[in-house]
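# A closer look at the structure
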Amino acid sequence: MFWNKSVETMGPAELASHQLKKLKETVQQVQKIPFYRTRFEEAGLRPEAIRSLDDLQKIPFTRKQDLREGYPFGFLAVPLSKVVRIHATSGTTGKPTVVGYTRNDLETWSDLIARNLTMIGLGEGDVFQNSVNYGLFTGGLGLHAGAEKAGLTVVPAGTGNTRRQIEMIQDFGVTAIHCTPGYALHIAEVAEEMGVTLDSLRTGIFGAEPWSETMRRELENRLGLSAFDSYGMSELFGPGVAFECPEKDGLHIWHDSYIVEIIDPNTGEVLGPEERGEMVVTPLVKEAMPMLRYRTGDITMLMDNGCICGRMQKIARLTGRTDDMLIIRGINVFPSQIEDVLLKLPEVGDQFMVYVDRKNHLDEMTIEVEMSREFFSGELQDLARIQKKVGGVLRDTLELRTTVRLVEPGSLPRFEGKAKRVIDRRGALV
């Protein structure tokens, strides 16, 4: 399926007809799940009432907490004997979300991954290093299967042992790598310490955490590759839901497989194109675990402009999530905003940590930032000057006063998986 360009570039009328057909099938499929039967009954809604795409808005939202309450198999629409693989989220807050896949689901998922990879020019002759976790996290096996289907030579590197990862890139002539953007920066840092270059690399696929255009330039300059943003989440299969084309102007979300809405996260009101809010996704191709109107928690918008590549629907790059958005004295702050500021300042390095405390009934934010080795002189007057500069730029950008604490290069934690850069001491780790 992934090579069928007519699927990727179908016109608006053809797309609407296809989506409606698949939506009706999905509405019937979810009736096998007690949660959805109850939701439809409570809403006074019969499956036959979904006659148009607009009728989708009659259906209540599905939330992550609903999936956790159905742990482990309450959201399966097929017998467990038909499930050939199980993935799950990390479960760092509450019960993990368990996702099941039939054999058809795995074929569909790998098709979507292969479509993404071929869209950016990868195929036979490329050596693909998959430097993410191969456990219950969907990024490992998900990208692996799609890369094999697209004809790539796959190196299942997993995470950790960064020096060995660098040796594999050199020894195997790796041309493309997949990992989190934070870990990619760590690879660049270690390679620089080793005094080696990664000349074979030309493509980087990065996801699992929000990252900025400044981070893109940093990765491209330091690793000598072209960096592409990848979006997915376990509940929607995993990676492969949306992906940048070579234009790098928004992520194409595969409209033949997903219906996307953007809502006001507070009111649930559906927003129009170019209005930023929470993304709600209805998968159209899931067999084992179909869902309707899943609230992803991811902040983005539908882009109204077309694309030179000819593919249709796009979402803007994510700016954060509703559940890692910090509200500091009434101001919304995303870690990606802080990262974008810091990466533009030559005096500081790539690594930072954010701590949020409540003092005298007021929220206070402290940002620890590694200094760059070039500017780390140890002179107090230099430290004071840099600290003042960093604090001023952050204040101007965030419109919020923060406490900046400069620390030695290499002293902050490195993350092989999804970076946990915020410790909210009023609550949980973000």
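### Concerning the pattern of salt bridges
- Counted by the stated rule, this structure contains 36 salt bridges.
- Of the charged contacts in the structure, one is a salt bridge between Glu25 and Lys22, with a shortest N-O distance of 3.3 Å. In this pair, Glu25 and Lys22 both sit in helix α2 (residues 12–30), 3 residues apart, roughly one turn of the helix.
- Between Asp340 and Lys344 there is a salt bridge, with its nearest N and O atoms 3.4 Å apart.
- Take Lys344: its relative accessible area is 52%, and that puts it in the exposed class.

### Some thoughts on the side chain of Arg216
- Structurally, Arg216 can be placed in helix α9 (residues 213–223).
- In this structure, Arg216 is in contact with Trp211, Ala227, Phe228, Glu244, Lys248 and Arg317, ignoring residues within four places of it in sequence.

### Quick look at the packing of helix α7 (residues 162–172) against helix α8 (residues 181–194)
- Axis separation between α7 and α8 bottoms out at 10 Å; the angle between their running directions is 80°. Put simply, α7 runs roughly perpendicular to α8. Where α7 approaches α8, its residues Thr162, Arg163, Gln165 and Ile166 are matched on the opposing element by Tyr183, His186, Ile187, Val190, Ala191 and Met194.
- Partitioning the contact of α7 with α8 into residue classes produces 6 nonpolar, 3 polar and 1 charged.

### Considerations on the nonpolar core
- By size, the foremost hydrophobic cluster in this structure holds 62 residues, and its most contacted members are Tyr231, Leu236 and Ile315.
- Membership of the second largest hydrophobic core comes to 26 residues, among which are Met168, Ile169, Cys179 and Leu198.

### Some remarks on the sheet that holds strand β20 (residues 403–407)
- With mixed pairing, the 4 strands of this open sheet are ordered in space as β20-β19-β18-β21. Two strands close off the open sheet at either side, each with one partner strand: β20 and β21 (422–424). Along the sheet, successive strands turn relative to each other by an average axial angle of 15°, direction set aside.

### Some points on the pairing of strand β12 (residues 294–300)
- Judged by how many residues are buried, β12 sits mostly within the fold: 7 of 7 residues are covered.
- Both faces of β12 are covered, namely the face carrying Tyr294, Thr296, Asp298 and Thr300 and the face carrying Arg295, Gly297 and Ile299.
- Note: strand β11 (residues 277–283) against β12, 4 bridges, orientation antiparallel. The partner of Val280 across the bridge, within β12, is Arg295.
- As paired strands, β12 and strand β15 (residues 320–321) are joined by 2 bridges and run antiparallel to one another. Its bridge partner lying in β15, Ile299 is registered against Gly320.

### Re the pairing of strand β7 (residues 226–233)
- For β7, the tally of buried residues reaches 6 of 8 residues, placing the bulk of the element in the interior.
- With 4 bridges joining them, strand β6 (residues 203–206) and β7 adopt parallel strand pairing. Opposite Ile205, over in β7, you have Phe228 as the bridge partner.
- With respect to chirality, the unit in which β6 leads through α9 into the neighbouring parallel β7 is right-handed.
- Across 4 bridges, the pairing between β7 and strand β8 (residues 238–244) is antiparallel. Paired with Tyr231 across the two strands is Ala242, which belongs to β8.
- Between β7 and the antiparallel strand that follows it, β8, lie 4 residues; Phe237 among them carries a positive phi value of about 110°.

Rules behind the numbers
- Residues numbered from 1 in each chain as written.
- Predicted model: local features only at pLDDT ≥ 70, side-chain atom pairs only at ≥ 80, totals over all residues.
- Heavy atoms only, no water.
- Salt bridge = Lys/Arg side-chain N within 4 Å of Asp/Glu carboxyl O.
- Helix = DSSP H or I, 4+ residues; strand = E, 2+ residues; numbered from the N terminus.
- Buried < 20%, exposed > 50% of the residue type's maximum accessible area, 1.4 Å probe, protein only.
- Contact = heavy atoms within 4.5 Å.
- Axes fitted to C-alpha atoms, helices over the stretch in contact; angles between N-to-C directions.
- Parallel < 35°, antiparallel > 145°, perpendicular 65-115°, else oblique.
- Nonpolar A, V, L, I, M, F, W, Y, C, P; charged D, E, K, R; others polar.
- Core = buried A, V, L, I, M, F, W, Y, C linked by side-chain atoms within 4.5 Å.
- Pairing = 2+ DSSP bridges.
- Right-handed = clockwise from strand over helix to strand, strands pointing away.

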